[in-house]
Amino acid sequence: MKRGLTLFGFVVLLALGSCWWAYPSASLRYEITVEVEAEGQLYTGSSVHEETLRRQPQMLAAPPESREFKVEAVAVDIADRGTLFLLLTGTRGQSNEPFSPEHGYHVDPEQFVNVVFEIRASSAQAVRSLPYRVIDDEVPFNQLPMMVRFDDISDPTTVALVNPYDLAARFGEGVQLRRVHVQTTRARVTDGIEERLPWFNTPHPPGTLSSGSIYGDRPRVHDFPPGHSVQFSNFRQGFG
């Protein structure tokens, strides 16, 4: 009897080990740092993001992998000129569309990670090697997510699209984007963007910040390109 139980336990452990080996999961943390120059002074803001990647059995229409993100927008305080936000969305969904300075390409953290970092769950080995990836690079301006600012940070309907090639148009003469840098890190995931946005956790009707429907009939202050908008989820995702 004892021998049978030992054999059964060994088989169970072998099955669990095989499952772990075939369908691993791993996490990667990376820090996005935005640098802005204003009249010779450098201002920076950063946010640590975490991606968890899992291989999984392909049942029915299930994909071979799943991803989870804990991410927040990057905020850069530019003295008395306001705050620049690098969001978790973009204004274009297709990377083969012609680029214009006002329209980035990447519409969510997954696309950003796939294209900029070239991280894909192409195999179980690719997932297992994820924690050992070393990334230390700059992100081209034409691959940035959407950037915005608020004329009045207490009023979400004053959100305005920012052109990464022309920050001066929104922040005044002498302000320019210097670089956006990404590197892997072991620092804890950034949390607390809602402390900068007094309206973030207040009751609000369904809608988007840039559609004028957040606070009743209050009209939006700035027009966005057709089909594009800013939502609450563009500032924070994956924290429950």
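Our structure is the block above this text.
Computed from a prediction, not measured in an experiment: that's the story for all the values here.

**Student:** Break down the overall build of the chain for me, with residues and values.
**Tutor:** Scanning the chain for helices and strands turns up four helices and 10 strands. Listing every helix and strand of the chain by position from the N terminus yields α-β-β-β-β-β-α-α-β-β-β-α-β-β. For the chain, the proportion of its 240 residues judged to be buried stands at 42%. Considering only residue pairs separated by 6 or more positions, the chain has 64% of its internal contacts joining residues 24 or more positions apart.

**Student:** Please provide a residue-by-residue account of the packing of aromatic side chains, values included.
**Tutor:** Overall, the coordinates contain nine aromatic pairs when judged by the stated rule. For the pair W199 and F235, a centre-to-centre distance of 6.0 Å together with 80 degrees between the ring planes defines the contact as edge-to-face. With a gap of 36 residues between them, W199 in the loop between strand 9 (175-184) and strand 10 (236-237) and F235 in the loop between strand 9 and strand 10 connect regions that are remote in the sequence. This pair shows no difference in class: W199 is buried, exactly as F235 is. Site record: aromatic cluster; members linked through ring pairs are F85, F150, W199, F200, F232 and F235. One cation-aromatic arrangement involves R149 over F171; the distance from NZ or CZ to the ring centre is 4.9 Å.

**Student:** Describe the nonpolar core, and please don't skip the residues or the numbers.
**Tutor:** Residues V34, V36, L84, M147, L177 and V180 are the most contacted members of the largest nonpolar core, which totals 31 residues. Listing elements by their share of this core, those giving two or more residues are strand 1 (25-38), strand 3 (65-72), strand 4 (74-77), strand 5 (83-86), helix 2 (109-117) and strand 9. Per-element tally for this core: the top contributor is strand 1, with seven residues. Those residues in contact with V180 that sit more than four places away from it in its chain are I32, T33, V34, L86, D137, E138, V139, F141, L144 and M147.

**Student:** Account for the sheet that holds strand 7 (residues 147-150), naming residues and giving values.
**Tutor:** Ordered in space as 4-5-7-8, the four strands form an open sheet in which the pairing is antiparallel. The open sheet has two edge strands with one neighbour each: strand 4 and strand 8 (159-162). Between one strand and the next, the sheet's axes are offset by a mean angle of 30 degrees, whatever the strand orientation.

**Student:** Report on the environment of E138, specifying residues and quantitative values.
**Tutor:** The residue E138 is located in strand 6 (residues 136-138) in this model. By relative accessible area, which is 44% here, E138 ends up partly exposed. Through-space distance from the C-alpha of E138 to that of T33 is 9.4 Å; in sequence the pair is 105 residues apart. With residues near it in sequence (within four places) discarded, E138 still touches R179, V180 and H181. At a separation of 3.4 Å, a polar atom in the side chain of E138 contacts the side chain of R179.

**Student:** Give me the lowdown on the pairing of strand 4, citing residues and values where you can.
**Tutor:** Here four bridges tie strand 4 to strand 5, and the two strands are oriented antiparallel to one another. Bridge assignment links V76 to a residue of strand 5, and that residue is L84.

**Student:** Please give an account of the environment of G40 that cites residues and values.
**Tutor:** Tracing the backbone through its elements, the reader meets G40 in the loop between strand 1 and strand 2 (41-55). Taking the relative accessible area as the measure of exposure, G40 reaches 63% and is therefore exposed. Separated by 134 residues in sequence, G40 and G174 place their C-alpha atoms 8.0 Å apart.

**Student:** Tell me about the pairing of strand 5, and name the residues and values.
**Tutor:** Side chains T83 and F85 project from strand 5 onto one buried face, and the interleaved L84 and L86 project onto a second face that is buried too. Looking at chain direction, strand 5 and strand 7 are connected through two bridges and run antiparallel. The partner of F85 across the bridge, within strand 7, is V148.

Conventions and cut-offs
Residues numbered from 1 in each chain as written. Predicted model: local features only at pLDDT ≥ 70, side-chain atom pairs only at ≥ 80, totals over all residues. Heavy atoms only, no water. Helix = DSSP H or I, 4+ residues; strand = E, 2+ residues; numbered from the N terminus. Buried < 20%, exposed > 50% of the residue type's maximum accessible area, 1.4 Å probe, protein only. Contact = heavy atoms within 4.5 Å. Phe/Tyr/Trp six-rings, centres within 6.5 Å; stacked < 30°, edge-to-face > 60°. Lys NZ or Arg CZ within 6 Å of the ring centre and 35° of its normal. Core = buried A, V, L, I, M, F, W, Y, C linked by side-chain atoms within 4.5 Å. Pairing = 2+ DSSP bridges. Axes fitted to C-alpha atoms, helices over the stretch in contact; angles between N-to-C directions. Polar contact = N/O pair within 3.5 Å; in protein donor to acceptor, adjacent residues only side chain to side chain.

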